[in-house]
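# Chain and residue survey
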Amino acid sequence: MAAARRSWWPLCSRRLAHTEPSVEPSPPPASLYPPVVASLTAKSQAAKLRRRERFFQEIHDAPSVEEKLRLYGKRQRLKYVVYPQTWALGADRWYQHFTKTAFVQGLPAEAEGDSRGDGLDLAPLRSLLCDVLLQEHFYQRKRRPFLFRDSSQGPAPFLTHLVPALTSHLASLNPVFASYSAIDFQPEVNFHWMRDETVVRYGHRKGRVDPLRFQIDDKPHCQIRISKQLPEFVPLDYIAPGEIPVVNVLPDKLPLFKRQYDNKIFIGSKVADPHTYGHTQFHLIPDRLKRERLLKLKLADQVEVPCRANGIASLFAWTGAQAMYQGFWSEADVTRPFVSQAVITDGRYFAFFCYQLNTLALTVEADKNNHRRNICWGTESQPLYEAIEGNDVRGFNDEVLLQLVKFLLRRPKEL
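Everything numeric here is computed off the predicted structure, so don't read it as measured data.

### Some thoughts on the overall build of the protein
Summing up its helical and strand segments, the protein has eleven helices and 14 strands in all. Relative to a compact globule of 415 residues, whose C-alpha radius of gyration would be 22 Å, the protein shows 30 Å and is clearly more extended. Oriented by its inertia axes, the alpha-carbon framework of the protein measures out at about 140 × 50 × 40 Å. The contacts of the protein with a sequence gap of at least 6 include a subset with a gap of at least 24, amounting to 79%. When the accessible area of the protein is evaluated, it comes to approximately 22,600 Å², of which 54% is carbon and sulfur surface. The average position of the 56 basic charges and that of the 45 acidic charges among the side chains of the protein differ by 10 Å.

Here's what the structure looks like:
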């Protein structure tokens, strides 16, 4: 018996080779039950993420731009109303933070060195501008205006008649004004966006983390819209010199106030309008923000702040609305820059601004790995003339007129 066990032991311990071909394992059967996902009505973090992803997907799948804008603005919460023309001290630095805009002193080379305006004869344009200025200042009989209503009698009519006169005179040099543009007077420009986060302090949503919502309701004196886009000043990923101010307190300290009403995005015309790109806006500084009043209040360091704040906020709202008319938004960032210009004046002093929108991804989640920044170029206010004596404009500044002409001569690459 012992000899028999010893003879079988090598056979039991030897590993036998398998000579048949191996059979691939069959795939697991399809699940009979739906996947387990977070509830849409729960208060958990997973449920919040699922609701947000579902909302974003609805906007992505929208069949038209009108439907996308409706879905984007249908969720109403309390939001900060940003006024482009504000008398808050240092408002330009706050607006840079809200819009992720880097401010660069001076104008870009493309806007300042346009060769089409260098050899232009300024004598007819100077005569035209002086005629419009004298018409509103000297020949028109006016009553004494109400308090802080001086601009409604002189500067406002002057700007109203100046813009159509210049565009019609320059139509032979810029074909945009012949058949590819439209001028709006007192239009509405609206834009809604989200930036930073805060904790809800009151109400049934107390303790939840919400983004800070902002709304700009702008009303420029007039604006020029075109059917094709202006060329970019710098590449899309260009990093402008200087840092964007970081504000670590709530906008209430500026102060800004919260309101709840319809979230509106509007460039001054509907989506179906063929002129959906911006060329130049013209803004009139209110009497409360004029430099003479600020100097009288011993606020010499705040003389240029209202112009910078107005240029940053107004052009951001206008270019942002143009980008959203093309289907871009915070979760589908722009793939090309959007460019517009602005002229801000009180009737005598003129400031020029250029804006390039490089990103709409301003929410906390979208801005994590976003190195793009919006850029605003601007100049300090310069006087167009020194004084008006009788029937003569004394000390006329040709540099301001030339820069205004160069702004109006910019045109798309296709033309």
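That shown, we press on.
### As for the pairing of strand β10 (residues 349-357)
The buried fraction of β10 is high, at nine of nine residues. Of the two faces of β10, the one carrying Y349, A351, F353, Y355 and L357 and the one carrying F350, F352, C354 and Q356 are both buried. Relative to β10, strand β9 (residues 338-345) runs antiparallel, the two sharing eight bridges. Along β10, the bridge assignment pairs V339 with Q356.

### Here's the deal with the pairing of strand β11 (residues 374-378)
Burial of β11 is extensive: five of the five residues sit out of reach of the surface. Of the two faces of β11, both are covered, the one formed by N374, C376 and G378 as well as the one formed by I375 and W377. Strand direction decides the pairing type here: strand β2 (residues 101-105) and β11, joined by five bridges, are parallel. Residue Q105 lies in a different strand from β11, and its bridge partner there is G378.

### Regarding the environment of T280
Among the secondary structure elements, T280 is positioned in strand β8 (residues 277-284). You can call T280 buried: its relative accessible area is 0%. Taking the C-alpha atoms as reference points, T280 and L315, 35 residues apart in sequence, are found 9.3 Å from one another. The contact partners of T280, leaving out residues within four places of it in the chain, are Q223, I224, W318, Q341, A342, V343 and F407.

### Some remarks on the sheet that holds strand β1 (residues 79-82)
For sheets, the rule is that strands pair by backbone hydrogen bonds, running either parallel or antiparallel. Spatial ordering of the open sheet is given by β4-β5-β1-β7, a layout of four strands whose pairing is mixed. For this open sheet the edge positions go to β4 (189-199) and β7 (258-259), each flanked by a neighbour on one side alone. In this structure, β4 lies alongside strand β5 (residues 209-218), joined through ten bridges in antiparallel fashion. By the bridge assignment, V199 is partnered in β5 with V209. Helix α10 (residues 305-325) rests against β4 and β5 of the sheet, and its axis sits at about 100° to β4.

### Thoughts on the nonpolar core
Grouped together as the largest cluster of nonpolar side chains are 105 residues, with contacts concentrated most on Y95, F191, W193, F282 and F353. With twelve residues, α10 is the single largest residue contributor to this core. Contact partners of Y95, with chain neighbours within four places excluded, come to V82, Y83, P84, T86, L254, A309, I312 and A313.

### What about the environment of G347?
Mapped onto the elements, G347 comes out in the loop between β9 and β10. G347 has contacts with P155, F158, L284 and Y385, leaving out every residue within four places of it along the chain.

### Structural notes on helix α7 (residues 155-169)
For α7, which comprises 15 residues, the first-to-last C-alpha distance of 21 Å matches the rise-based estimate of 21 Å (1.5 Å per residue) to within 8%. When we look at burial in α7, the residues that qualify are P155, A156, P157, F158, L159, L162, V163, A165, L166 and T167.

### Let's talk about the packing of aromatic side chains
For the coordinates displayed, the defined rule picks out 15 aromatic pairs. For the ring pair F352 and F407, a centre distance of 5.3 Å and an interplane angle of 75° mean the geometry is edge-to-face. Of this pair, F352 sits in strand β10 while F407 sits in helix α11 (residues 398-409), and the two are 55 residues apart along the sequence. The exposure class of F352 is buried, given its relative accessible area of 3%. The rings of Y80, W94, Y95, F98, F191, W193, F214 and F316 are connected pair by pair, giving a single aromatic cluster. The positively charged end of K264 is found above the aromatic ring belonging to F266, 5.1 Å away from the centroid.

### Focus on the side chain of D210
Of note, D210 is situated in strand β5. Engagement of the side chain of D210 in a polar contact is seen with the side chain of R205, the distance being 2.6 Å. For D210, the contacting residues outside a window of four places in its chain are R77, D196, E197, T198, V200 and R205.

### Points about unusual backbone geometry
For the bond from L254 to P255, the omega torsion is 15°, close enough to zero to count as cis. With a phi angle near 65°, D196 is a residue other than glycine that sits in the positive phi range. Tracing the backbone through its elements, the reader meets D196 in strand β4. Positioned with a positive phi, K298 is a non-glycine residue whose angle comes to about 60°. For K298, the position within the fold is in the loop between α9 (291-296) and α10.

Reading the values: rules and limits
Residues numbered from 1 in each chain as written. Predicted model: local features only at pLDDT ≥ 70, side-chain atom pairs only at ≥ 80, totals over all residues. Heavy atoms only, no water. Helix = DSSP H or I, 4+ residues; strand = E, 2+ residues; numbered from the N terminus. Rg over C-alpha atoms; globule rule 2.2 N^0.38 Å. Contact = heavy atoms within 4.5 Å. Areas by Shrake-Rupley, 256 points an atom, 1.4 Å probe, with all protein chains shown as cover. Lys, Arg positive; Asp, Glu negative; His and termini not counted. Charge placed at Lys NZ, Arg CZ, Asp CG, Glu CD. Buried < 20%, exposed > 50% of the residue type's maximum accessible area, 1.4 Å probe, protein only. Pairing = 2+ DSSP bridges. Axes fitted to C-alpha atoms, helices over the stretch in contact; angles between N-to-C directions. Core = buried A, V, L, I, M, F, W, Y, C linked by side-chain atoms within 4.5 Å. Expected span 1.5 Å × (residues − 1). Phe/Tyr/Trp six-rings, centres within 6.5 Å; stacked < 30°, edge-to-face > 60°. Lys NZ or Arg CZ within 6 Å of the ring centre and 35° of its normal. Polar contact = N/O pair within 3.5 Å; in protein donor to acceptor, adjacent residues only side chain to side chain.

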